[in-house]
Amino acid sequence: GEDVEQSLFLSVREGDSSVINCTYTDSSSTYLYWYKQEPGAGLQLLTYIFSNMDMKQDQRLTVLLNKKDKHLSLRIADTQTGDSAIYFCAERANQAGTALIFGKGTTLSVSS
Amino acid sequence: DAGVIQSPRHEVTEMGQEVTLRCKPISGHDYLFWYRQTMMRGLELLIYFNNNVPIDDSGMPEDRFSAKMPNASFSTLKIQPSEPRDSAVYFCASSLTWAGTKNIQYFGAGTRLSVL
């Protein structure tokens, strides 16, 4: 079945780059997403990538997609303490529906 | 738009009591989702609606859980009777689905439920 896997924790120093990795199983996924959850808040869309793209850059964020390996990554350049949060990778469940399958989330801890 | 609005933000109840969580989606959105988040299981999709009709409720844990969407601007998730293992954060999300929207889901701030 469909599944999205992420590592649970990542710890970096302020100013370093962070790379959060994700693997997914549904090869028919058209969009893949990164959501961010700050403490006590709901999930907020950070960025997304369409499946016909290999890379998408948005300011400090770079998303890389390897469709062959079903691997998605999120790179945050010049990581700040305000980037500390849980990051969720998600894929669309199927072609007909709009439900998303989320990974368990990666907790990013940024130390100064 | 104010975004997805959930109420209450926090709910503390005793085992056996009925709990009702409420959600107001973003105006004009045609999909509404209910999720549950726990440390052990992460974010789980419970049920989702399209144009007020339940499409997939396979994630609803058991008969104690029920969800309704009587109109396009309101949905409820009810737990009766509640049990301590239902303690979690419950999120509601909505999305607008037409070509170009990319199926982005917008989440509410969640309801933190504690069942004692």
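What counts and what doesn't
- Every chain begins its residue count from 1, and numbering advances along the sequence as written.
- Following the order in which they are written, the chains are lettered starting with A and the ligands numbered starting with 1.
- Given that this is a predicted model, residues contribute local features only at a pLDDT of at least 70 and side-chain atom pairs are listed and counted only at 80 or more, while totals for whole chains, interfaces and linings are drawn from all residues.
- Side-chain descriptors were evaluated using all non-hydrogen atoms of the structure, hydrogens and water having been removed beforehand.
- Being paired, for any two strands, means DSSP has found at least two bridges between them.
- Starting at the N terminus, helices and strands are each numbered in turn, a helix being any DSSP run of H or I of at least four residues and a strand any DSSP run of E of at least two.
- Interaxial angle, 0 to 180 degrees, is taken between N-to-C directions of lines fitted to C-alpha atoms, where a helix line uses only the stretch in contact.
- Criterion for a disulfide: a pair of cysteine sulfur atoms at a distance within 2.5 Å.
- Think of it in three bands: residues with accessible area under 20% of the maximum for their type are buried, residues over 50% are exposed, and the middle band is partly exposed, with areas taken using a 1.4 Å probe on protein chains only.
- Pairing of N or O atoms within 3.5 Å defines a polar contact, subject to two protein rules: one partner must be a possible hydrogen donor and the other a possible acceptor, and residues neighboring in sequence count only if both atoms are side-chain atoms.
- Confidence of the predictor at the level of single residues is captured by pLDDT, which takes values from 0 to 100.
- Pairing of aromatic side chains requires ring centres within 6.5 Å, counting the rings of Phe and Tyr and the six-membered ring of Trp. Pairs whose planes differ by under 30 degrees are stacked, by over 60 edge-to-face, and all others tilted.
- Whether two residues touch is decided by their heavy atoms; if any such pair falls within 4.5 Å, the residues are in contact.
- Summed over both partners, buried area is the accessible surface (1.4 Å probe) that two parts give up on being assembled.
- A pairing counts as a salt bridge when a side-chain nitrogen of Lys or Arg comes within 4 Å of a carboxyl oxygen of Asp or Glu.
- Ten residues, namely Ala, Val, Leu, Ile, Met, Phe, Trp, Tyr, Cys and Pro, are considered nonpolar, four, namely Asp, Glu, Lys and Arg, are considered charged, and the remaining ones, Gly among them, are considered polar.

For the rest of this paragraph, the subject is the sheet that holds strand β3 (residues 19-24) of chain B. Residues and elements named next belong to chain B. Across the sheet, which stays open at both edges, the 4 strands sit in the order β1-β3-β8-β7 with antiparallel pairing between neighbours. Every interior strand has two partners, whereas the edge strands, β1 (5-7) and β7 (65-71), have only one. Across this sheet, the average inter-strand angle for adjacent strands is 15°, counted without regard to direction. Where β7 and strand β8 (residues 74-79) come together, 5 bridges link them in antiparallel fashion. Each bridged residue has a counterpart across the sheet, and for serine 66 the counterpart in β8 is lysine 78.

According to the stated counting rule, one finds 2 disulfides over all chains in the structure shown. Between the sulfur atoms of Cys22(A) and its disulfide mate Cys89(A) the distance is 2.0 Å. Residues Cys22(A) and Cys89(A) share a disulfide whose torsion about the S-S bond is about -65°; that sign makes it left-handed. You can see Cys22(A) sitting in strand β3 (residues 18-24) and its partner Cys89(A) sitting in strand β9 (residues 85-92), a full 67 residues away along the chain. Each of the two residues, Cys22(A) as well as Cys89(A), counts as buried. Paired through a disulfide, Cys23(B) and Cys92(B) show a sulfur-sulfur distance of 1.9 Å. Between Cys23(B) and Cys92(B) the disulfide shows an S-S torsion of about -65°. By sign, it is left-handed. You can see Cys23(B) sitting in strand β3 and its partner Cys92(B) sitting in strand β9 (residues 88-95), a full 69 residues away along the chain. A residue is classified by how much of its surface remains accessible, and Cys23(B), at 1% relative accessible area, is buried. With relative accessibility at 0%, the residue Cys92(B) sits in the buried group.

Residues and elements named next belong to chain A. With respect to the helices and strands, the residue threonine 25 is situated in the loop between β3 and β4 (31-37). Once the C-alpha coordinates of threonine 25 and phenylalanine 50 are considered, the two residues, 25 residues apart in sequence, prove to be 16 Å apart. At 2.8 Å, the side chain of threonine 25 and the backbone nitrogen of aspartate 3 are in polar contact.

This part covers the confidence of the model for chain A. In this model, chain A carries a mean pLDDT of 90, and residues with pLDDT of at least 70 account for 93%. Mean pLDDT across the elements of chain A ranges from a minimum in strand β10 (residues 100-102) of chain A, with 87, to a maximum in strand β2 (residues 9-13) of chain A, with 97.

Moving on to the packing of aromatic side chains. Evaluated as defined, the whole model comprises 15 aromatic pairs over all chains. With centroids separated by 5.6 Å and ring planes inclined at 85°, the aromatic side chains of Phe102(A) and Tyr35(B) adopt a geometry described as edge-to-face. In this pair, Phe102(A) is assigned in strand β10 and Tyr35(B) in strand β4 (residues 31-38), connecting two distinct chains. Centroid distance Tyr31(B) to Phe33(B): 6.1 Å. Interplanar angle 15°. Geometry classified as stacked.

We now examine the sheet that holds strand β1 (residues 4-6) of chain A. Residues and elements named next belong to chain A. Pairing in this open sheet of 5 strands is antiparallel, and the strands run β1-β3-β8-β7-β6 from one edge to the other. Since the sheet does not close on itself, it has two edges, and those belong to β1 and β6 (55-58), each with one partner. Strand after strand, the sheet turns through a mean of 15° between neighbouring axes, direction not considered. For β3 and strand β8 (residues 71-76), the ladder comprises 6 bridges, and the chain directions are antiparallel. Looking across to β8, one finds that isoleucine 20 is bridged to leucine 74.

On to the interface of chain A and chain B, then. Each side of the interface is counted separately: chain A has 18 residues, and chain B has 21 residues. Both sides together, the interface formed by chain A and chain B hides about 1600 Å², and carbon and sulfur atoms give 58% of it. Across the contact surface, chain A and chain B share 0 salt bridges. Of all elements in the fold, only β4, β5 (43-50), β9 and β10 of chain A reach the threshold of two or more residues within the side of chain A that touches chain B. Counting residues per element, the side of chain A that touches chain B draws most heavily on β4(A), at 4 residues. Its residues placed into classes, the side of chain A that touches chain B shows 11 nonpolar, 5 polar and 2 charged.

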